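Summary of the model geometry
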Amino acid sequence: MTATPDPNADTVWVEPVALIDRIPRWVAMLALAAVVIAIWDLATARMAWVSPIILPSPAETLADLIFVGQNLASGGYMLEALWTTTRTVFWAFLIATAIGFSLGVLVGETKFGERAVMPYLVAIDTMPKVAFAPLFIAWLGFDIASKVALAAFIATFPIIVSTAAGLYAASENERMLFKSIGASRLQTLFRLKLPTGLPHIFTGLKIAAVGVMAGAITGEFLGGGQGFGALIRQSASTMDTPRVFALILYLSLLGLALFFAVAWLQKRLVFWNKADRPGGVG
Amino acid sequence: MTMAEPRPLTAGPAAAARPVYQIERLSKTYARNRLTALTDVHLTLHKGEFVSVVGSSGCGKSTLLKIMSGLLPPTTGRVVLEGKPVTGPRDDIGMMFQQATLLPWKTTLQNIILPIEIRQGRAAARAAIPRANELLRLVGLGDFAHVYPAELSGGMAQRASICRMLISNPAVLLLDEPFSALDELTRDFMNMELQRICAEQRATAFLVTHSLAEAVILSDRILVMKPRPGRIVEEIVIDLPRPRTLEMINTPRFGEIVAHIRDLLGKEAFQ
Ligand SMILES: Nc1ncnc2c1ncn2[C@@H]1O[C@H](COP(=O)(O)OP(=O)(O)O)[C@@H](O)[C@H]1O
Ligand SMILES: [Mg+2]
């Protein structure tokens, strides 16, 4: 027939949907992992472009993953080390949360905190905090305490900043509403400003969760002791790269667990904040 | 004493009614920028009266309302409500702002009893739940008591904030452009709702708006303000019969009143 369009026909056409939107997320993730591992395998085991000391092959790494996993599962010395690091991370996160939240409220709620305390906090925050590690070791020894101190020190600042920012998040209208219904300063803080600031505070906690891991491992690198960081350093010093890879992977599980614990708590507490939902990791 | 009497149908200001709010020689200069936002404002609100104030933006309407509500101290003058000077926020003043400002982590019902919870504690707030449900039915939100604000439309949220304002039985309602963030159809509807609620509650209301039509349709009296410095330049009694309907907008009398106010304000004040 000719190309004359029928003026009465429905004007229906297919709305284009990108391929990536049509496949489930886990499929996309698995596909990417498969490609990366294939290239990795090609570069190491098959073509030997890279020396095994620099980058072990996937198979070697897997073998070490299984070895380390067996050691962990059977309650060997690696489990001991993981437990030490877990305790370090746990205490450091708790201390950072307590101090960071308190200082954040001081800075965000009081003029004194904002004017007099904040400048010092900003000054300290700009320092490379890892440089304090020798001091913490000198003060607290080679035991877990010095690592807890370093990790907490690193993780405190994002919590301070996010708590203070969260307390500013309530709108002018909301403040006026609370004033007009006769709310006291404490009522305004606890019933308005803190709940409004929770999404900010949780963002800070997530950053702190990452920081506390980095701090704990750095502390263990520099200060020895019984933790996972010390294991990694020992393996690295004997050029046992596959072991280092395997240890790092297990260590990252600890970081992920902490991160998702915070994310889970956020979902429970900040149930009303829809902006945080898509993706779930935010 | 005038509680049981019906509103006068024709005479605008309820001349016989008892004065509720008295404001004398009021002026406000903001200390921060030495800006004189209000000078020499006098006004009296009578029981059951609906008064609007119109004027271009920046002429001091919100400042006046904030001083009346005790949110802001005046520089000179006095504000007296029900015989007592206003020196801070009071529970016999109900306020409503342009934004509904419902707390997203509280249900509609919990938002409405918030003023009681803040002032008198949780037990009193629980005791106020039946009254809150009654108010929700009054504004047509009976089925939305346990819904979170994210699920309410703009108009529904403002109706919920009307309930929150009414929960403590205020002697006067202070409304700062309460519906100006809503679309026009919703806004007309809300204005009629407001008229009905005020009539049912026999409320004394003071409305700030920049919509002349809204002011005329709702008010017994309109105060016209001019800026720099903010002052009341004229008082207009609206003699349209009550209850008012949206159809009145098309009457010649309505047109005359709007034209008169527009003249007063000057053409540049409203687009
Ligand atoms: N907190 C404040 N500090 C200083 N100036 C203000 C403040 N609030 C309002 N103003 C000024 O006072 C004038 C009146 O403001 P406002 O009462 O908000 O007017 P309107 O509500 O009629 O638009 C404006 O010029 C405004 O810039
Ligand atoms: Mg205003």
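Note that the structure is predicted; figures quoted are calculated from it, not measured.

Here we come to the overall build of chain A. When helices and strands are tallied, chain A shows eleven helices and zero strands. The order of α-helices and β-strands along chain A, N terminus first, is α-α-α-α-α-α-α-α-α-α-α. Principal axes of the C-alpha set define a box for chain A whose edges measure 90 × 70 × 35 Å. Split into buried and exposed, the 282 residues of chain A put 41% on the buried side. Surface summary for chain A: the accessible area is close to 16300 Å², and the carbon and sulfur share equals 71%.

Applying the stated criterion across every chain, the model contains one cavity of 30 Å³ or more. The volume enclosed by the largest cavity comes to roughly 110 Å³. Around the largest cavity sit L177, S180 and I181 of chain A together with I93, G94, M95, P115, R119, S161, R164, M165 and S168 of chain B, which together line it. Listing elements by their share of the lining of the largest cavity, those giving two or more residues are α8 (172–180) of chain A together with β6 (93–96), α3 (114–120) and α6 (154–166) of chain B.

Glancing now at the sheet that holds strand β1 (residues 19–30) of chain B. Residues and elements named next belong to chain B. Pairing in this open sheet of four strands is antiparallel, and the strands run β2-β1-β4-β5 from one edge to the other. Because the sheet does not close on itself, it has two edges, and the strands there are β2 (35–46) and β5 (84–85). Inspection of the sheet shows β1 paired to β2 by eight bridges, in the antiparallel sense. By the bridge assignment, K28 is partnered in β2 with L38.

On to helix α9 (residues 185–223) of chain A. Residue and element names in this part refer to chain A. Between its first and last C-alpha, α9 extends only 45 Å over 39 residues, short of the 57 Å set by a 1.5 Å rise per residue. Along α9, the largest kink reaches about 50° and is centred on L198; proline P199 follows within four residues of it. The first or second residue beyond α9 is G224, which carries a positive phi of 65°.

Here the focus is unusual backbone geometry. In this chain, R228 of chain B is followed by P229 of chain B through a cis amide linkage whose omega measures -10°. One can find P229 of chain B in the loop between β9 (221–226) and β10 (231–237). Along the chain, R242 of chain B connects to P243 of chain B via a cis peptide bond; the corresponding omega equals -5°. Relative to the elements of secondary structure, P243 of chain B occurs in the loop between β10 and α9 (252–265). Within the chain, A48 of chain A stands out as a residue other than glycine whose phi angle is a positive 55°. Relative to the helices and strands, A48 of chain A is located in the loop between α2 (25–46) and α3 (58–73). We classify A48 of chain A as exposed; its relative accessible area is 55%. Its identity is not glycine, yet E177 of chain B carries a phi of approximately 45°, on the positive side.

Counting 81 residues, the largest nonpolar core has Y21, L64, L174 and F206 of chain B as its most contacted members. With twelve residues, α9 of chain A is the largest single contributor of residues to this core. Excluding its chain neighbours within four sequence positions, the residues that come into contact with F206 of chain B are L43, L45, V51, V53, L64, L65, M68, L173, L174, L175 and L223 of chain B. By size, the runner-up hydrophobic cluster in this structure holds 56 residues, among which are L136, L138, M190 and I261 of chain B.

All right, on to the interface of chain A and chain B then. At the junction of the two partners, chain A supplies 18 residues and chain B supplies 20 residues. Counting the surface lost from both chain A and chain B, the interface buries some 1900 Å², and carbon and sulfur atoms represent 70% of this. When the buried area of chain A at its contact with chain B is split by residue, L177, I181 and R191 of chain A rank highest and sum to 32% of it. At the junction of chain A with chain B, the criterion picks out one salt bridge. Of the residues forming the side of chain A that touches chain B, the biggest block, seven residues, is contributed by α8 of chain A.

All names here are of chain B. As a matter of local geometry, ligand 1 sits amid 13 residues, with R32, G58, K61, S62 and T63 nearest to it. Between ligand 1 and T63, the relevant distance is 2.5 Å, taken from an oxygen atom to a side-chain nitrogen or oxygen of the residue. Relative to its free-state accessible area of 560 Å², ligand 1 is covered by the protein chains to the extent of 68%. Sorting the residues of the shell around ligand 1 by element identifies β2 and α1 (61–68) as the ones contributing at least two each. The element contributing the most residues to the shell around ligand 1 is α1, with three residues.

All names here are of chain A. Look at α9 against helix α11 (residues 241–269): their axes get within 10 Å of each other, and the N-to-C directions meet at 165°. What the angle tells us is that α9 and α11 run roughly antiparallel. Here α9 runs over α11; the crossing is right-handed. On α11, the residues that touch L198, P199, F202, L205, K206, A209, V212, M213 and I217 of α9 are L251, L254, G255, L258, F259, V262, A263, L265, Q266 and L269. Here the residues of the contact of α9 with α11 are counted per class, giving 16 nonpolar, two polar and one charged.

Looking now at the sheet that holds strand β7 (residues 172–176) of chain B. Residue and element names in this part refer to chain B. Pairing within the open sheet is mixed, and its six strands lie in the order β6-β7-β8-β3-β9-β10. Only two strands of the sheet have a single partner each, and these edge strands are β6 and β10. Strand-to-strand, the axes of this sheet are offset by a mean angle of 20°, without reference to chain direction. Relative to β9, strand β3 (residues 50–54) runs parallel, the two sharing four bridges. If you follow V51 over to β9, its bridge partner there is R221.

Criteria and thresholds
Residues numbered from 1 in each chain as written. Chains lettered and ligands numbered in written order. Predicted model: local features only at pLDDT ≥ 70, side-chain atom pairs only at ≥ 80, totals over all residues. Heavy atoms only, no water. Helix = DSSP H or I, 4+ residues; strand = E, 2+ residues; numbered from the N terminus. Buried < 20%, exposed > 50% of the residue type's maximum accessible area, 1.4 Å probe, protein only. Areas by Shrake-Rupley, 256 points an atom, 1.4 Å probe, with all protein chains shown as cover. 1 Å grid on protein atoms, 1.4 Å probe; cavity = no way out; pocket = protein on both sides within 12 Å on 5 of 7 lines; lining within 4 Å. Points joined across faces, edges and corners; volume = space filled by probe spheres on them. Pairing = 2+ DSSP bridges. Expected span 1.5 Å × (residues − 1). Bend = angle between axes of the 7 residues up to and from the residue. Core = buried A, V, L, I, M, F, W, Y, C linked by side-chain atoms within 4.5 Å. Contact = heavy atoms within 4.5 Å. Buried area = accessible area lost by both parts, 1.4 Å probe. Salt bridge = Lys/Arg side-chain N within 4 Å of Asp/Glu carboxyl O. Near = heavy atom within 4 Å. Polar contact = N/O pair within 3.5 Å; in protein donor to acceptor, adjacent residues only side chain to side chain. Axes fitted to C-alpha atoms, helices over the stretch in contact; angles between N-to-C directions. Parallel < 35°, antiparallel > 145°, perpendicular 65-115°, else oblique. Left-handed = near helix turned anticlockwise from the far one by under 90°. Nonpolar A, V, L, I, M, F, W, Y, C, P; charged D, E, K, R; others polar.

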